[in-house]
Structures are given as C-alpha cells and as structure tokens.
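# Per-entry structural report
So the chains spell out like this:
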Amino acid sequence: MSVPVLVLALSAACCLGFGFVLQQNAARRAPLSDFLSVRLLIDLVKVPRWLGGIALMVAGMALGAAALGQGELSLVEPLLATNLLFALALSRRQTRQPLGRQGWAGLLLLGGGVTAFIVAGQPQGGGATAGPVRQWLIMGAMIGLALLLTARGKRSRLSSGPVLLALAAGLLYGVQDALTRVSGQTFSEGGLTGLLTGWQPYAVVALGVAGLVLVQSAFETASLRASLPALTAAQPLAGIVCGVGFLGDRLRTDTMALAWESAGLLAVVAGIVLLGLHPAMPQGSATPVPAARLRTQ
C-alpha cells in the first residue's frame with residue numbers, strides 16, 4: 001500500500017467523520033414533514049452548521065476520489081470506514097464522555113479488522129474488467145436492495161427506519177465510489193470530453209443526491225448511534241463487491257487468506273457497531289421545529 005493512498009484515504013475519512021457529526025447536529029432539528037424529501041435539503045442549506053458538515057463531506061469525497069485514482073477500491077473502502085473513529089473523536093469532545101472499554105474494544109476491532117483484511121487480501125488492480133452485463137447486474141442488485149430498504153424505512157421511519165435508510169445510503173455510496181473510479185479512468189484516457197460524453201459522472205451525481213437525502217432523513221429521525229454505524233458498514237462492503245465484481249480488483253483467494261479476510265471484515269463491522277453505539281455519540285432527538293427557527297441553528 002502506497003503512503004499517498006493511505007494519507008488520502010485517512011484524510012478523506014477524517015473529513016467524512018467530522019462532516020457526518022455536524023450534519024446530524026443540524027438535521028435532527030429539521031421538520032419531520034421534510035422526511036425523504038428534497039425539501040429537507042432546501043431547509044438545511046440555510047443552516048451554517050449543516051453547510052460546514054457538507055463542506056467537510058465534499059472535501060472527504062474529493063480526497064476519496066483522489067485515493068481511488070491511485071489505489072484499488074477494495075483497498076480504499078476499508079480505510080474510509082475509519083471515518084467512525086473521527087466521528088467519535090468529535091462526538092467525545094461535544095459530549096465529554098470517556099472512551100472506556102467499549103470505545104477501546106471498538107477501536108481495536110475496527111483498526112485490526114481493516115489491517116487484517118488489507119494484509120491478508122493484498123488488494124491489487126489490473127484484473128480483467130467485467131462486461132456491461134455483469135456490471136449492470138451487480139449495480140442493479142445494489143440499487144434494487146437500496147430501494148427496498150428505503151421503502152421499508154419509509155413505513156417505519158421512527159423505529160427501524162433510520163437504520164434501513166442508512167444502509168440504503170451506504171449501498172448507494174458504495175456504487176458511487178465504484179463509478180467515481182470509472183469516471184477517473186475515463187478522464188485519464190479521454191480527457192474532459194470523454195468524461196462528459198459518458199453516463200458515469202451523471203450517475204455519480206444522481207447517486208450522491210439520492211444518498212444525501214437518505215442520510216439526512218436518517219439523521220433527522222434518529223440519533224447518530226442508530227444511523228452512522230449502518231452507513232459506515234454498508235458502504236465499504238458494497239464498494240468491495242463492486243471492485244471485485246466488475247472493476248478488476250483482485251484479492252488473495254487461498255484458504256488462509258479468505259479466512260483472514262472474512263475475519264477482518266467481521267471485525268470491522270463489529271468495531272463499527274461498538275463505536276457507533278458508544279455513549280459519546282450524540283443521541284439527538286427528532287424534535288420538529290419551524291423552518292424559520294431551523295435557519296438560525
């Protein structure tokens with residue numbers, strides 16, 4: 001793993017983690033009538049704290065795209081999952097909660113799991129890129145599952161809904177990362193003209209907007225504890241599936257490597273859950289407020 005990819009991916013994770021906390025701080029005060037509506041973004045765009053969170057998120061996505069331009073999706077995605085560590089750091093500062101055994105256990109599981117997956121799998125590019133049929137099947141499965149989760153989440157928005165919406169957003173962001181990498185390759189080969197004449201960059205924007213509405217709706221109706229772990233776990237898993245499935249990423253497939261890769265991913269998910277449920281994560285409240293008051297917060 002090259003140092004520039006490591007630095008870019010961890011910098012992206014830092015920006016994303018800080019940005020998610022600021023976004024949730026603002027979104028939890030949005031009117032519930034905006035749930036799963038573009039009106040939610042229209043209301044939130046008037047909130048300085050949310051704009052700061054979005055600016056950090058955009059910076060994180062740009063840094064992540066730069067990392068994807070130099071490294072494989074299956075390598076970058078697990079590193080981006082460490083955004084939860086940075087989110088916890090900012091949340092601890094806000095809530096004054098100690099890290100404790102749960103925090104240390106989550107930190108060790110997440111960091112150790114990422115390390116185990118990367119060391120055992122040794123992600124490499126250069127494999128044969130799958131044809132359009134396989135590509136559309138994998139992306140269609142991810143997007144279709146996201147739609148099902150969204151439909152279910154809409155019906156149970158104040159119970160399991162936020163978790164389902166966050167899972168859906170994570171799946172969309174994983175596909176978005178895959179298409180971001182494809183767009184970067186297209187730009188390198190065909191320049192701006194080649195990029196703009198392809199469908200991938202427009203799909204990247206569409207998936208980003210859809211994911212943003214889902215994430216803000218999840219943040220609006222539940223605490224960061226309920227939504228961020230699901231989002232953080234789903235995105236790298238979806239990205240790895242896309243990377244190996246149709247982008248030509250290669251992982252070691254001998255028995256020992258597969259065992260360590262599986263154990264690493266399980267440890268990552270367990271660490272994400274422990275950190276996401278840490279008392280330091282702000283609980284928030286889905287208390288509806290008038291849009292006029294929201295603008296001043």
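Turning our attention to the overall build of the protein chain. Along the protein chain, the regular secondary structure elements total twelve helices and zero strands. Against the compact-globule benchmark of 19 Å for 297 residues, the protein chain has a radius of gyration of 18 Å, which places it among compact chains. Counting only C-alpha atoms, the protein chain reaches 55 × 50 × 35 Å along its principal axes. Out of the 297 residues in the protein chain, the part that is buried amounts to 52%. Placing the 20 positive and 10 negative side-chain charges of the protein chain at their respective mean positions leaves the two points 16 Å apart.

Inspection of the secondary structure assignment puts Glu77 in helix α4 (residues 73-80). Excluding its chain neighbours within four sequence positions, the residues that come into contact with Glu77 are Gly174, Asp177, Gln235, Pro236, Gly239 and Ile240.

Tallied over the entire structure, the rule returns two salt bridges. Among the salt bridges present, the one from Arg181 reaches Asp249, with a minimum N-O distance of 2.7 Å. Residue Arg181 is located in helix α8 (residues 161-196), and its partner Asp249 is located in the loop between α10 (224-246) and α11 (255-276); the two are separated by 68 residues in the primary sequence. In this structure, Arg181 and Asp249 share a single accessibility class: buried. Asp254 is the salt-bridge partner of Arg252, the closest N and O atoms lying 3.3 Å from each other. Its relative accessible area of 34% is what places Arg252 among the partly exposed residues.

The next point concerns the nonpolar core. Of all hydrophobic cores here, the largest spans 77 residues; its most connected members are Leu231 and Phe246. The greatest single-element share of this core, amounting to twelve residues, is contributed by α8. Other than its neighbours up to four places away in sequence, Phe246 contacts Thr129, Ala130, Gln135, Ile138, Met139 and Ala178.

Next up on the list: the packing of α10 against α11. Contact geometry for α10 and α11: axes closest at 8 Å, N-to-C directions at 160°. One way to sum up the angle between α10 and α11 is to call them roughly antiparallel. With respect to the hand of their crossing, α10 and α11 are arranged in right-handed fashion. Along its contact with α10, which presents Arg225, Pro229, Thr232, Ala233, Leu237 and Ile240, the element α11 presents Leu265, Val269, Ile272, Val273 and Gly276. Tallied by class, the residues present in the contact of α10 with α11 amount to eight nonpolar, two polar and one charged.

Throughout the structure, instances matching the rule amount to three aromatic pairs. A centroid spacing of 6.4 Å and a plane angle of 90° characterise the contact between Phe18 and Phe86, whose relative ring orientation is edge-to-face. Here Phe18, found in helix α1 (residues 3-27), pairs with Phe86, found in helix α5 (residues 83-95); they are 68 residues apart in sequence, far enough to count as distant. Judged by its relative accessible area of 28%, Phe18 is partly exposed.

Right, let's get into the environment of Ala59. Along the chain, Ala59 falls in helix α3 (residues 48-70). Residue classification places Ala59 among the partly exposed positions, given a relative accessible area of 30%. Remark: the alpha-carbon pair of Ala59 and Ala267, spanning 208 residues in sequence, is separated by 28 Å.

The next point concerns the confidence of the model for the protein chain. For the protein chain, the average pLDDT comes to 85, and 92% of its residues sit at 70 or higher. The spread of mean pLDDT over the elements of the protein chain runs between helix α12 (residues 291-294), the lowest at 47, and helix α7 (residues 132-155), the highest at 92. This model gives residues 284-297 a pLDDT under 50, and the stretch forms 34 contacts once residues within four places in sequence are excluded.

Let us now look at α7. With 24 residues, α7 ought to run about 34 Å at 1.5 Å a step, and its terminal C-alpha atoms sit 34 Å apart, in line with that. Inspection of α7 places Gln135, Ile138, Met139, Met142, Ala146, Leu149, Thr150 and Gly153 among the buried residues, and these make up the whole buried set. Next to the buried residues of α7 lie α8, α9 (200-221) and α10.

Conventions adopted
- Residues numbered from 1 in each chain as written.
- Predicted model: local features only at pLDDT ≥ 70, side-chain atom pairs only at ≥ 80, totals over all residues.
- Heavy atoms only, no water.
- Helix = DSSP H or I, 4+ residues; strand = E, 2+ residues; numbered from the N terminus.
- Rg over C-alpha atoms; globule rule 2.2 N^0.38 Å.
- Buried < 20%, exposed > 50% of the residue type's maximum accessible area, 1.4 Å probe, protein only.
- Lys, Arg positive; Asp, Glu negative; His and termini not counted.
- Charge placed at Lys NZ, Arg CZ, Asp CG, Glu CD.
- Contact = heavy atoms within 4.5 Å.
- Salt bridge = Lys/Arg side-chain N within 4 Å of Asp/Glu carboxyl O.
- Core = buried A, V, L, I, M, F, W, Y, C linked by side-chain atoms within 4.5 Å.
- Axes fitted to C-alpha atoms, helices over the stretch in contact; angles between N-to-C directions.
- Parallel < 35°, antiparallel > 145°, perpendicular 65-115°, else oblique.
- Left-handed = near helix turned anticlockwise from the far one by under 90°.
- Nonpolar A, V, L, I, M, F, W, Y, C, P; charged D, E, K, R; others polar.
- Phe/Tyr/Trp six-rings, centres within 6.5 Å; stacked < 30°, edge-to-face > 60°.
- pLDDT = per-residue confidence, 0-100.
- Expected span 1.5 Å × (residues − 1).

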